[in-house]
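# Remarks on the overall topology
Here is how the chains run, residue by residue.
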Amino acid sequence: MDKEILRLAVPNIITNITVPLLAMADTAIAGHLPSFLYIGAVSAAGVIFNFLYWNFSFLRMGTSGFTAQAVGANNEQECVNVLMRALFTAVSAGVILILLQSFIFKAAFFFLQASPQTQALAAEYFFIYIWSAPFALAMFAFTGWFIGMQNAKAPMVISISANVVNIICSLLFVFVFRLNIKGIALGSLAAQIFAFILSAFIWFKFYGKLKKYASFEVLKSLRGFAAFFKVNRDIFLRSFALIAVTVFFTSVSARSGDIYLSANNLLMQFFILFSYIMDGFAFAAEALSGKCFGARDFGKLKVIIRRIFVWGIALSLMFTAVYAVFAGGILGLLTDKSEVVSAALKYKAWAVLVPLAGFAAFLWDGIFVGITASRQMRDAMLLAAAGFFGLYFLLASRLGNNALWLSFLVYLTLRGLAEWILYRRIQKKF
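Residues numbered from 1 in each chain as written. Predicted model: local features only at pLDDT ≥ 70, side-chain atom pairs only at ≥ 80, totals over all residues. Heavy atoms only, no water.

## Topic: the overall build of the protein
Heads up, the rule is: Helical segments are the DSSP runs of H or I of at least four residues, strand segments are the runs of E of at least two, and each set is numbered from the N terminus. Atoms counted for the radius of gyration: C-alpha only. Globule rule: 2.2 Å times residue count to the power 0.38. Buried means the residue's accessible area, taken with a 1.4 Å probe over protein chains only, is under 20% of the maximum for its type, while exposed means over 50%, and partly exposed covers the values in between. Note on definitions: a residue-residue contact is assigned when non-hydrogen atoms from the two residues lie within 4.5 Å. Here the accessible surface of atoms and residues is derived via Shrake-Rupley with a 1.4 Å probe, and residues count as covered only by protein chains that are part of the display. The positive count covers Lys and Arg only, the negative count covers Asp and Glu only, and His and the chain ends enter neither. Positions of charges follow a simple convention, taking NZ of Lys, CZ of Arg, CG of Asp or CD of Glu.
The helix and strand tally for the protein stands at 16 helices and zero strands. In summary, the protein has a C-alpha radius of gyration of 21 Å against a globular reference of 22 Å for 430 residues, a match within 12%. Structurally, the protein occupies a C-alpha span of about 60 × 45 × 35 Å along its principal axes. Here the protein holds 430 residues, and the buried ones make up 60% of them. For the protein, contacts bridging at least 24 residues in sequence account for 86% of all contacts bridging at least 6. When the accessible surface of the protein is summed, it comes to about 17500 Å², and 69% of that surface belongs to carbon and sulfur atoms. With 35 positive and 17 negative side-chain charges, the protein shows a separation of 5 Å between the mean positions of the two kinds.

Right under this line is the structure:
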């Protein structure tokens, strides 16, 4: 069983690790520009796009779960139908985001309340990168579909290739053409377009035989979309609550000043790095649990869950140790601004504890996606988000930035605990 888990998890980890490394690269590039304000601007613009894109993460999660179950049921027609529905939804949503770009930016900074200087720099990034929306959302659909098809290598190749393009283009635009933050945005835009083209090429090359099942008639079937959106509605609400926590975290940091915004952004890279590695095992859980669920093999599903958590515990302990020992060195690599590093080091203990607090939430999310238990995943997230906001407002006046980090760790812990309790109820129905 471990071999089967690692066959999917390792390529997914390699795929996922390129994402936080890319975010770190963007942060590092911004951190070596003339002012530390560039770090905050990239962070603020990044939060907007996280809010926009993560709210559409149901395109990946729902696509993965439905596809994996279709694979387990040996239904190739439904495999293609799922992808077509997801791509149609993704591109349509991306076009709408482009049309609403001015409204989105103004609304975002109404809540973020960053300094005028940070807002001006973030605008330069935002109004370039927003054109990536149709391509970025379509990549959610492609990635979820490949994972559901038990193919973790395709997303790995696509992600690594796209991120290499991103880093090279960003470095070129920033340090050769001197475009500063606009160069970082242009590099990211070029990478999203490249990733979409490469995904389409891989699909036609390795899944071309499925073209016979493709028909635009499936897009006219309201019944098919009804099932797709019923599950994805709950995932959307879950993602909205997740983003609400993230946006609030950044908003509070911004209101505390540019130094705190930059310091918290650097520390958040510890969480992002761990989360994307843990998601490698969560994606494996999606594919394997979905396949077992589709084949109605509940005995194997229990074994998969048990082994997934063994790996999760081991990785969380390893990351806790690494962060405890090398936190200062990692921060020093991300920026040469000593005042930002000094501020971040005051709160590094919280970042060190993130792996232990959060690993269970990631793994249960993967399992719930695979068995399409979206309602329960939504309920766990809403409970955890309520805990985050309640605890922060209770402690903020006394603990300041420490209250923000403590609330974040409690939020991660509550997610995992609630999903464990809810799964025990689901399991009784098998």
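## Focus on the nonpolar core
Using the following cut-off: Joining through side-chain atoms within 4.5 Å is the link that ties buried Ala, Val, Leu, Ile, Met, Phe, Trp, Tyr and Cys residues into a set, and such a set is a nonpolar core.
Within the largest apolar cluster, 140 residues are counted, with the highest numbers of intra-cluster contacts made by Ile48, Tyr53, Phe368, Phe408 and Tyr411. Broken down by element, the residue count for this core peaks at 21 residues, all from helix α11 (residues 258-295). Discounting residues that sit within four places of it in the chain, tyrosine 53 has contacts with Leu97, Tyr129, Ile130, Ser132, Ala133, Ala136, Leu137 and Phe140.

## Let's talk about the environment of serine 374
Inspection of the secondary structure assignment puts serine 374 in helix α15 (residues 374-399). Relative accessible area serves as the criterion here: at 4%, serine 374 is assigned to the buried category. Those residues within four positions of serine 374 in sequence are excluded, and the remaining contacts are Val231, Asp234 and Ile235.

## Remarks on the packing of aromatic side chains
Each aromatic ring pair is characterised by the separation of its centres together with the angle its planes make. Heads up, the rule is: Aromatic pairing here means that ring centres of Phe, Tyr or Trp (its six-membered ring) are within 6.5 Å. Orientation follows from the plane angle: under 30 degrees is stacked, over 60 is edge-to-face, and everything else is tilted. Two conditions define a charge sitting above a ring: the NZ of Lys or the CZ of Arg must be within 6 Å of the ring centre, and it must be within 35 degrees of the ring normal.
Within this structure, the stated rule accounts for 46 aromatic pairs. Seen from their ring centres, phenylalanine 49 and tyrosine 53 are 5.7 Å apart, and the 45° between their planes marks the pair as tilted. One end of the pair is phenylalanine 49 and the other is tyrosine 53, both in helix α2 (residues 37-54) and four residues apart, which spans about a single turn. Accessibility assignment for this pair places phenylalanine 49 and tyrosine 53 in one class, buried. Where phenylalanine 49 meets tyrosine 129, the ring centres are 4.7 Å apart and the plane angle is 75°; that geometry is what we call edge-to-face. Taken together, the residues phenylalanine 49 in helix α2 and tyrosine 129 in helix α6 (residues 116-129) connect sequence positions 80 residues apart. Assessed through its relative accessible area of 3%, phenylalanine 49 is described here as buried. One residue, arginine 296, lies across the ring of phenylalanine 293, its end atom 4.7 Å from the ring centre. Its guanidinium or amino end placed over the ring of phenylalanine 362, arginine 415 lies 5.8 Å from that ring's centre, counting from NZ or CZ.

## Some points on a nonpolar patch on the surface
Where we set the bar: Patch rule: a residue counts if its relative accessible area is over 30% and it has no salt bridge; like charges are joined within 9 Å, and nonpolar side chains (Val, Leu, Ile, Met, Phe, Trp, Tyr) within 5 Å. Any Lys or Arg side-chain nitrogen found within 4 Å of a carboxyl oxygen on Asp or Glu counts as a salt bridge.
On the surface, a cluster of nonpolar side chains totalling about 580 Å² of accessible area is made up of Val91, Val95, Ile96, Leu99, Leu100 and Phe103. No other element matches the four residues that helix α4 (residues 76-99) contributes to the nonpolar patch. Within the secondary structure layout, phenylalanine 103 lies in helix α5 (residues 101-112). By relative accessible area, which is 59% here, phenylalanine 103 ends up exposed.

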